[in-house]
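Residue-level listing of the chains:
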Amino acid sequence: MIDLLLRNATLPDNTPADIAIHDGKFVSVGKGFTGDAAQVLDLGGHLVCPPFVDSHFHLDSTLTSGLVRHNASGTLLEGIQIWKETKTLLTEENIYQRARKLCEMAITQGTLAIRSHVDISDPNLTAVRALLRLREDMKPWMTIQLVAFPQDGFLRMPAARELLVRALDMGVDLVGGIPHYERTMQDGAASIDDLMRLAADRGLPVDMHCDETDDPSSRHVETLAAATVRFGLQGRVTASHLTSMHSMDNAYADKLISLIAEAGMGAVANPLINITLQGRYDTYPKRRGMTRMPELLRAGVPVALGHDCVMDPWYRLGSHDMLEVASMAVHVGQMTDEQGLHDCFSGVTQTAARILNLPDYGLAPGNPADLVVLQARSAIDAIRLRPARLYVLRHGRILSRTEPRLSHLYLTEEKLLDLSDV
């Protein structure tokens with residue numbers, strides 16, 4: 001007898017399935033399971049997908065919006081300045097509690113993996129200590145990866161090298177960087193070389209903020225791609241943001257995309273934040289601000305989607321709903337064809353899991369029984385509706401349950417229509 005049977009599920013490829021779970025793992029995912037189960041849930045055709053994955057976030061700054069002041073200009077640079085003022089007021093416990101609250105909120109939305117960049121610019125590494133503790137405490141319910149992120153510049157801040165190495169020694173998982181924030185283009189290139197050498201020497205993956213600007217001359221991802229090949233880090237390097245690509249001419253962008261593909265790099269777009277922060281210096285026409293996601297995908301570059309911020313100095317909105325992120329990518333990237341819609345859904349599920357190198361991810365026998373049941377009938381409808389997460393399971397255990405959303409329309413004295421699944 002198995003532990004749990006989910007009958008009448010719809011998979012992301014639109015096929016019907018019964019899903020059998022035992023000892024925290026998938027036993028069977030397909031039609032017509034005939035075994036006995038201690039518990040049976042009839043899903044009535046609702047969509048079941050692997051958990052959502054946020055491939056780019058900042059847990060240390062989350063939920064601090066307005067603590068010092070709000071970002072009046074809406075620019076990246078004012079956000080950095082506000083964060084400099086804010087982080088001096090924060091304690092390890094404060095950072096931990098805010099980040100934990102965000103993680104718990106994310107779980108109810110079906111997100112069970114987050115890659116978070118953590119600022120190492122504080123001499124006391126307060127945020128690093130807080131998030132390392134959180135990573136361990138959340139392990140039963142969520143996977144957290146931490147990136148050592150020199151927010152104030154790896155070369156621009158004199159102590160950044162020492163602090164980043166200390167953070168890695170403490171157990172931070174990845175090497176990060178921000179070359180476009182260095183004082184000069186040459187310093188940005190030098191920071192990439194130093195950080196990639198450090199990653200290669202330690203056998204660590206890299207996830208670097210890169211070219212998060214409207215300036216088309218910001219071409220640090222070109223340097224990053226070359227360093228990826230030079231240091232033999234193919235398949236282990238992610239370039240996040242890449243917003244300068246939306247301002248480049250097509251000839252150079254085409255060359256650049258081929259270099260990224262050749263280096264075996266992954267890319268992460270953050271559509272909610274990219275379109276909010278970018279184009280702030282434009283009058284009209286205003287640039288969209290998001291990287292060239294369709295073109296990267298056509299070149300074979302895996303592109304995932306990140307939420308980036310929730311209620312912090314850069315973005316005072318957000319509920320950590322990865323389907324909102326996917327929906328924004330669809331709209332801004334004009335990815336409304338069948339393939340584009342599925343690519344955006346994959347950007348918060350399978351492709352994101354690939355970039356995070358999550359082992360045994362997906363709805364397949366033998367994998368951990370991690371899944372989300374949504375009040376929708378297809379992946380495309382999930383993006384369209386951003387529906388209730390009816391169940392969220394981790395290792396076969398129900399972590400979160402939400403009642404179905406029911407709308408009852410009364411145009412006369414009698415109920416005419418139940419809008420629960422429209």
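Note: the structure precedes this text.
Chemist: In this structure, what is going on with the packing of helix α5 (residues 185-202) against helix α6 (residues 220-230)? I would like to understand it.
Modeler: The axes of two packed helices give the description: the angle between them and the distance between them. One can describe the packing of α5 onto α6 by two numbers: an axis separation of 10 Å at closest approach and a directional angle of 25 degrees. Looking at the two axes, α5 sits roughly parallel to α6. Where α5 crosses over α6, the handedness of that crossing is right-handed. Note on element contacts: α6 touches α5 through His220, Thr223, Leu224, Ala227, Thr228 and Arg230, opposite Met185, Gly188, Ala189, Ile192, Asp193 and Met196. Class assignment of the residues belonging to the contact of α5 with α6 gives a composition of six nonpolar, four polar and two charged.

Chemist: I would appreciate a short explanation of the packing of aromatic side chains in the present structure.
Modeler: Geometrically, a pair of aromatic rings is defined through the distance of the ring centres and the angle of the planes. As enumerated under the stated definition, the model contains two aromatic pairs in all. Between Phe52 and Phe345 the ring centres are 6.3 Å apart and the planes differ by 80 degrees, which places this aromatic pair in the edge-to-face class. Residue Phe52 is located in strand β6 (residues 52-57), and its partner Phe345 is located in helix α11 (residues 338-346); the two are separated by 293 residues in the primary sequence. An identical accessibility class is assigned to Phe52 and Phe345; each is buried. Between Trp83 and Trp314, the aromatic rings sit 6.5 Å apart at their centres with planes inclined by 50 degrees, giving tilted as the arrangement. Separated by 231 residues along the polypeptide, Trp83 in helix α1 (residues 76-87) and Trp314 in the loop between β13 (303-305) and α10 (322-332) bring together distant segments of the chain. Summarising the burial analysis for this pair, Trp83 and Trp314 share the class buried. Positioned over the ring face of Tyr96 is Arg133, at 4.0 Å from the centre of the ring. Over the ring of Tyr181 we find Arg156, and its NZ or CZ is 4.1 Å from the ring centre.

Chemist: Is there a simple way to think about the packing of α6 against helix α7 (residues 250-262) in this case?
Modeler: At a closest axis distance of 9 Å, the pairing of α6 and α7 adopts a crossing angle of 30 degrees. The angle between the axes of α6 and α7 places the two elements in the roughly parallel class. For the element pair α6 and α7, the recorded crossing hand is left-handed. Residues Val221, Glu222 and Ala225 of α6 pack against Tyr252, Lys255, Leu256, Leu259 and Ile260 of α7.

Parameters at a glance
Residues numbered from 1 in each chain as written. Predicted model: local features only at pLDDT ≥ 70, side-chain atom pairs only at ≥ 80, totals over all residues. Heavy atoms only, no water. Axes fitted to C-alpha atoms, helices over the stretch in contact; angles between N-to-C directions. Helix = DSSP H or I, 4+ residues; strand = E, 2+ residues; numbered from the N terminus. Parallel < 35°, antiparallel > 145°, perpendicular 65-115°, else oblique. Left-handed = near helix turned anticlockwise from the far one by under 90°. Contact = heavy atoms within 4.5 Å. Nonpolar A, V, L, I, M, F, W, Y, C, P; charged D, E, K, R; others polar. Phe/Tyr/Trp six-rings, centres within 6.5 Å; stacked < 30°, edge-to-face > 60°. Buried < 20%, exposed > 50% of the residue type's maximum accessible area, 1.4 Å probe, protein only. Lys NZ or Arg CZ within 6 Å of the ring centre and 35° of its normal.

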